[in-house]
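So you can see what is in the structure, the chains are spelled out below.
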Amino acid sequence: MRFAARASHASVDVHRVSVGSFGKTSLVTRLVGSLLFVANATVRGLVGRRPDVILVSTVPPMAPLAALVVAALRRSTVVHWLMDLNPDQAIAAGLVRRSSINARLLDWLNCRVLRRCQTLIVLDAQMAERFTAKTQTSARLLVIPPWGGITKAVNRDPSETAFRAANGLLDRFVVMYSGNHSLVHPLETLLDAAEQMQDDPRFVFVFVGDGHGKTSVEDRGLPNVVSLPYQPRETLADSLSAADLHVVTMGDNMVGVVHPSKIYGVLAVGRPVLFIGPATSHVAEIVKNHRLGWSLRHGDVDGVTAALRSAVEQTPAERATVSGRARAALEQAFDPSILRERVADAVLEAISRR
């Protein structure tokens, strides 16, 4: 998708840098795109009117470098919005060593940014705990969950979706994993369960998205597995609504490092959740507190198959009850309009507290 260089939304003027991404096909293209974005953002921040405040996130990981340079030269306030912890994520995924130059550089950069940071926003309590244990900062610390691509509750029966009809999924119980197939979201336990259940004609396992783990999904060659690419944002509500049950995964060593935000899209479409990951995590808490499904550990293949067979036998009334709980959770605890307002307030308050 190509966006206009300039746009206006109500009273907000948006100016976009010219180069920011070459896609996620390889680490090299991601690195080149990240460096070009940082360079462009730095130049843009140094030219023209002085920024009162800089809101910077950890996507891409080197983005805080632009904030550091611009804030130092133009004496701007910084609000740091952590979407994940790096180099912690890369280290936990086995991509870099803790002693490597890249890891030490990112740690140094994070510490430097925090010295200039007025406000720090993290996504969950575990991330706040991990971060404060690792780094000392005088910045104001706020916990604000993110929001998904669907901002309003969707009430759509799975059988009525165009996605389900187009992909031959009618009359099957659709178990869906939709999102990034990355190293931080292991899929092996789910795939092992699919392999065990390949003779059960009631089930089909649908993997939507892309990433390093896509190959492991397709290499299994299972007859009850359908592998599809990312769906357009404008049809996201339809594709997510096509599932009877959604699976969310998280690596055991990723607590406080990453925050699988796909859970919020699942809440929006009102589907039961099968979470495979550590018991102490924000997704496990959401599933438990709102009684949305099952929370199981990696390697528990028998538990996953038992949960799925239990899910397929639920009555329409039981499924409707879970759907109601999911949508209520979205509206009461994770309403995107409220969360966006909290982020905006954090930015404005950072200016007033200078």
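The structure we're discussing is the one just above.
Now for a description of the structure that goes with this document. (Residues numbered from 1 in each chain as written. Predicted model: local features only at pLDDT ≥ 70, side-chain atom pairs only at ≥ 80, totals over all residues. Heavy atoms only, no water.)

## Description of the sheet that holds strand E10 (residues 245-249)
In spatial order, the strands read E9-E8-E7-E10-E11-E12; together these six strands make up an open sheet with parallel pairing. Since the sheet does not close on itself, it has two edges, and those belong to strand E9 (225-228) and strand E12 (293-296), each with one partner. The average angle at which neighbouring strand axes cross in this sheet is 20 degrees, direction not considered. Note: strand E7 (residues 173-178) against strand E8 (residues 203-208), six bridges, orientation parallel. By the bridge assignment, Tyr177 is partnered in E8 with Phe207. (Pairing = 2+ DSSP bridges. Helix = DSSP H or I, 4+ residues; strand = E, 2+ residues; numbered from the N terminus. Axes fitted to C-alpha atoms, helices over the stretch in contact; angles between N-to-C directions.)

## Regarding the pattern of salt bridges
Applying the stated criterion to the full structure yields nine salt bridges. Residues Arg130 and Asp88 are paired through a salt bridge, measuring 3.7 Å at the closest nitrogen-oxygen approach. Taken together, the residues span a long stretch of sequence, with Arg130 in helix H5 (residues 125-134) and Asp88 in helix H3 (residues 88-92) at a distance of 42 residues. In this structure Asp88 comes out as buried when scored by relative accessible area, which is 5%. (Salt bridge = Lys/Arg side-chain N within 4 Å of Asp/Glu carboxyl O. Buried < 20%, exposed > 50% of the residue type's maximum accessible area, 1.4 Å probe, protein only.)

## So, unusual backbone geometry
Generally, phi is negative for residues other than glycine and the peptide bonds are trans, each holding for most cases. Note the cis peptide between Val59 and Pro60, where omega equals 0 degrees. Although it is not a glycine, Asp171 adopts a positive phi angle of roughly 65 degrees. Position of Asp171 among the secondary structure elements: in the loop between helix H6 (162-166) and E7. Of note in the backbone geometry, Arg291 takes a positive phi value of approximately 50 degrees without being a glycine. Within the element layout of this structure, Arg291 appears in the loop between helix H11 (282-289) and E12. Taking relative accessible area as the criterion, Arg291 reaches 55% and is therefore assigned exposed.

## Considerations on helix H13 (residues 316-333)
Taking 1.5 Å of rise per residue, 18 residues should cover 26 Å, and H13 covers 26 Å from first to last C-alpha, within 8% of that figure. Contacts from the buried residues of H13 go to helix H10 (262-269) and helix H14 (336-352). (Expected span 1.5 Å × (residues − 1). Contact = heavy atoms within 4.5 Å.)

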